[in-house]
Each structure stands twice: as structure tokens, then as C-alpha cells.
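Here are the chains, one letter per residue:
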Amino acid sequence: MAYIEVAHETRQFQNGDQTTVANRDISFTVERGAVVTILGPSGAGKSTLLNILGGMDSPTSGSVKIDGTDIAHFSPKQLTTYRRQAVGFVFQFYNLIPNLTARENVELASQITHDARDVTETLTLVGLKDRAANFPAQLSGGEQQRVAIARAVAKNPKLLLCDEPTGALDYQTGKQVLQVIQDAARQTGTTVIIVTHNSAIAQMGDQVIRINDAQIQSVVTNDHPTPVA
Ligand code: ADP
Ligand code: ADP
């Protein structure tokens, strides 16, 4: 069984008498452990889809099965539990706590989780073992994003959602950060969804879902995901 099964998912927003369809009849499946990229221009509906997969929002219609459970009609309380237990998040701007070290930022996340991963192991996984005592301001952008990845992975999520994780980085650093996310996913068995508007970054995914104007344009499976140089 696929880890994610989205079927005919539609999300409309109503503002007064104006209706915006942000996701229209979206259907796709994702295998457990896959690294999937969602590519599309600004306003295409990527964040709306990511918010629904992460339990921050619910669709207007359709089903969103995660590990066999349809979360489309979850109550706010059920969604909170789902988010806390199953989902890790990485954002464009790292959202690290400035007066905590890299290690402390990761520890903070692991403390609130029952089955957290070992902090040193997680920092090693993202290549930051030697930078663990640094504060965010003492780290480069790429390194700060690695801390944010470690923080998300330490929670031991089944699903890792990344919203423009390379958006604030230059291309080479962005590629390295994507490689770190992939390595972490491979070693932990985590299923990863990465939203990006950079098509070269998107090509690094096992599966590339192209969204335009609220709809899926194409889903391409990459046998040998490679970045465009
Ligand atoms: P992307 O992430 O691809 O830039 P979004 O999912 O943020 O796209 O937005 C898709 C469309 O839905 C846009 O037209 C946006 O204005 C609209 N939209 C998103 N969130 C809301 C909201 N809370 N209320 C009204 N319209 C929204
Ligand atoms: P990038 O070009 O990748 O953004 P930087 O040029 O900012 O990287 O940093 C290069 C190296 O210097 C990194 O390893 C980073 O950790 C280190 N560094 C950057 N700023 C500081 C700082 N204020 N204190 C200590 N080390 C720093």
C-alpha cells in the first residue's frame, strides 16, 4: 500500500462572494520512503497542498490517506495529534531559536517527542557534528538549514514536509541541502515532500509532481534522480 494516497482533493477558499480554487481534483500516490518534489509557479497551489498533507488545513472535498488513514475529515484535535506524532517541518527561513546552539535547537525538538532520535546521531547525519556548539548567527545559511533539518528529523517523523527549503540559498548550497534531506530520508525511511519553484532542484526528487493553476500537470518518476548542473 502506498504511504500517501490523495484522491480528488479540492480546496476552495471563500472570501465574501469570491471563490478561489487553490487545489482542483488533485490525485497522486507516494510510496513509503520516497523523496517527492512538488514543482510549480507562485500561486499554483503548492502550499495549500502541503498544508493539507501536514494537517494544518483540510480539503473541501476528496480524500487524503496517510498510511491508510483518511485525514480529510479529521477534527482540529485529531489533526494536532497527527501533526505532533507523524510530521516534521522544514521551512524556507530556518526558524531557529537564536540564543540556543545548534545542538540545543535540536534537543528542544527531541525533548517533546516520545521516540526521538539521538541528537548527536542526528547532527552527524546532517554533517554538523563539529558545529553543534555554534549559535545560528555563527553558521552559514546552508548550515542553519541543516540544523533545521536535524531538528525536524530528531522528532522521528514518518513524513517530512519541506516548504521551499532551498529558497533562501544559492543553487550549489541548495543542492547540498537537498542531498542532506535525501540522505536523511534514506537512512531513516522517512517519506519526504519538498515544495519548490526551482525546476533543477525538483529534478532531484524520486518523483516530480508538477502543479499549475491548482491542478496536477504531470507526475514523473525519476529512475536516477540527478540535479541539473
Ligand atoms: P503556492 O504555494 O503555489 O504559491 P498557494 O497554495 O499559496 O500557492 O495559493 C494558491 C491559490 O490559493 C492562490 O490564488 C492563493 O491566493 C489562494 N489562497 C491560498 N490560501 C488562501 C486563503 N487562506 N484564502 C484565500 N485564498 C487563498
Ligand atoms: P556560505 O557562503 O555557505 O553562506 P559563509 O561564507 O557564511 O557560508 O560561511 C563560511 C563558513 O564560516 C561556514 O562554515 C560558517 O559556519 C562560518 N561562519 C560564518 N559566519 C560565522 C560567524 N559569525 N562566526 C563563526 N563562523 C562563521
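First, a word on what this report is: a plain description of the structure on this page. A quick note: this is a predicted structure, and the numbers were derived from the prediction, not measured. (Residues numbered from 1 in each chain as written. Chains lettered and ligands numbered in written order. Predicted model: local features only at pLDDT ≥ 70, side-chain atom pairs only at ≥ 80, totals over all residues. Heavy atoms only, no water.)

Before going further, it helps to spend a moment on the overall build of the protein. From N to C terminus, the protein includes seven helices and ten strands. Relative to the 2.2 N^0.38 estimate, which gives 17 Å for 229 residues, the radius of gyration of the protein is 17 Å and therefore close to what a compact globule would have. By its C-alpha atoms, the protein is 50 × 45 × 40 Å across when sized along the principal axes. The contacts in the protein between residues at least 6 apart in sequence include a share of 69% that link residues at least 24 apart. (Helix = DSSP H or I, 4+ residues; strand = E, 2+ residues; numbered from the N terminus. Rg over C-alpha atoms; globule rule 2.2 N^0.38 Å. Contact = heavy atoms within 4.5 Å.)

Next up on the list: the side chain of Asn105. Tracing the sequence through the fold places Asn105 in helix α3 (residues 102-111). Asn105 has contacts with Leu96, Ile97, Leu100, Pro136, Val147 and Arg151, leaving out every residue within four places of it along the chain.

In this section: the environment of Asp213. Relative to the elements of secondary structure, Asp213 occurs in the loop between β9 (207-212) and β10 (215-221). For Asp213 and Lys46, which are 167 residues apart along the polypeptide, the C-alpha to C-alpha distance reads 9.9 Å.

Turning to the pairing of strand β3 (residues 35-39), a few remarks are in order. Burial within β3 is extensive, with five of its five residues counted as buried. Of the two faces of β3, the one carrying Val35, Thr37 and Leu39 and the one carrying Val36 and Ile38 are both buried. Looking at chain direction, β3 and strand β8 (residues 191-196) are connected through five bridges and run parallel. By the bridge assignment for β8, Leu39 is matched with Thr196. (Buried < 20%, exposed > 50% of the residue type's maximum accessible area, 1.4 Å probe, protein only. Pairing = 2+ DSSP bridges.)

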